[in-house]
Amino acid sequence: HPALSNVLCGGAFAVSLVQASMVKPSKIDGFLNFAGAAGWDPSLAFVMGGALLVALPLWLVFGVAEASSSIKRFAARPIDAATVLGGLAFGAGWGLGGLCPGPGVVTAGTGSLSAAVWTGCMFAARCWSPGDGAGSGAWLSPPVLKGRE
């Protein structure tokens, strides 16, 4: 059942974020702050590299998943000033808040008020953003497993 596999994969993703300490804003700060008192923490690069080593072969070689039509439309849109500004805002929020969407949702689920506020603001900003209908929540469409469309 696709719903069960989505729940299991989401749970595994949440556990991996916690195991790698990605839900701690201090981990992001340690990676981005080269001049910090504790020194630079390169472990985030190893976590991202490990994820790519697993995901890239599954995606490219074995063709495990295919992006949904809404994701394909979103990826094919032209890069304009709003897209660049959105990327800059995301990067600033990631660097200043120490959270990106996945860890933000997981941390909010632990009962952290600051993470819940951060995640709520992220969803509100995305839903209110202008554009080609992407604000309707189409960006939340998961990849479709091949053969299950």
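Please read all numbers here as calculations on a predicted model, not as lab measurements.

S.K.: Give me the overall build of the chain: which residues, what numbers.
M.R.: When helices and strands are counted, the chain shows seven helices and two strands. Along the chain, helices (α) and strands (β) appear in the sequence α-α-α-β-α-α-α-α-β when read from the amino end. Here the chain holds 149 residues, and the buried ones make up 17% of them. When the accessible area of the chain is evaluated, it comes to approximately 10,000 Å², of which 73% is carbon and sulfur surface.

S.K.: Account for helix α2 (residues 25–32), with residues named and values stated.
M.R.: Given 3.6 residues per helical turn, the α-helix brings residues three or four places apart onto the same face. Residues of α2 that are buried include every one of K27, I28, G30 and F31, and no others. Axial view of α2: buried residues confined to an arc of 160°, hence all on one face. Contacts from the buried residues of α2 go to α3 (43–61) and α5 (81–97).

S.K.: A description of a nonpolar patch on the surface should follow, citing residues and the corresponding values.
M.R.: A surface patch of nonpolar side chains, about 750 Å² in accessible area, is lined by V54, L56, L58, W59, L60, V61 and F62. Turning to its location among the elements, L58 is positioned in helix α3. For L58, a relative accessible area of 38% translates into the label partly exposed.

S.K.: Tell me about the nonpolar core, and please be specific about residues and values.
M.R.: Counting residues in each nonpolar core, the largest one holds seven residues, listed as L17, M22, V23, I28, F31, L44 and V106. Filtering out sequence-adjacent residues up to four positions away, I28 remains in contact with M22, L44, W94 and G98.

S.K.: I'd like to hear about the packing of helix α6 (residues 101–109) against helix α7 (residues 113–128), residue by residue, with values.
M.R.: Across the interface, α6 lies against α7 with an axial gap of 8 Å and an inter-helix angle of 135°. Looking at the two axes, α6 sits oblique to α7. Crossing hand, α6 versus α7: left-handed. In this structure, α6 uses P101, G104, V105, T107 and A108 to contact α7, whose residues at the interface are A115, A116, W118, T119, M122 and F123. Its residues assigned to classes, the contact of α6 with α7 shows eight nonpolar, three polar and no charged.

S.K.: Report on the packing of aromatic side chains, specifying residues and quantitative values.
M.R.: Evaluation of the coordinates by the stated rule reveals two aromatic pairs. Ring geometry for F31 against W40: centres 5.9 Å apart, planes inclined by 35°, an arrangement best described as tilted. The class for F31 is buried, based on a relative accessible area of 16%. We classify W40 as partly exposed; its relative accessible area is 40%. Between F34 and W40, the aromatic rings sit 5.4 Å apart at their centres with planes inclined by 25°, giving stacked as the arrangement. We classify F34 as exposed; its relative accessible area is 62%. The rings of F31, F34 and W40 are connected pair by pair, giving a single aromatic cluster.

Analysis parameters
Residues numbered from 1 in each chain as written. Predicted model: local features only at pLDDT ≥ 70, side-chain atom pairs only at ≥ 80, totals over all residues. Heavy atoms only, no water. Helix = DSSP H or I, 4+ residues; strand = E, 2+ residues; numbered from the N terminus. Buried < 20%, exposed > 50% of the residue type's maximum accessible area, 1.4 Å probe, protein only. Areas by Shrake-Rupley, 256 points an atom, 1.4 Å probe, with all protein chains shown as cover. Arc of directions from axis to C-beta. Contact = heavy atoms within 4.5 Å. Patch = residues over 30% accessible without salt bridge, like charges linked within 9 Å, V, L, I, M, F, W, Y side chains within 5 Å. Salt bridge = Lys/Arg side-chain N within 4 Å of Asp/Glu carboxyl O. Core = buried A, V, L, I, M, F, W, Y, C linked by side-chain atoms within 4.5 Å. Axes fitted to C-alpha atoms, helices over the stretch in contact; angles between N-to-C directions. Parallel < 35°, antiparallel > 145°, perpendicular 65-115°, else oblique. Left-handed = near helix turned anticlockwise from the far one by under 90°. Nonpolar A, V, L, I, M, F, W, Y, C, P; charged D, E, K, R; others polar. Phe/Tyr/Trp six-rings, centres within 6.5 Å; stacked < 30°, edge-to-face > 60°.

Interpretation in functional terms is not warranted from these geometric data alone.
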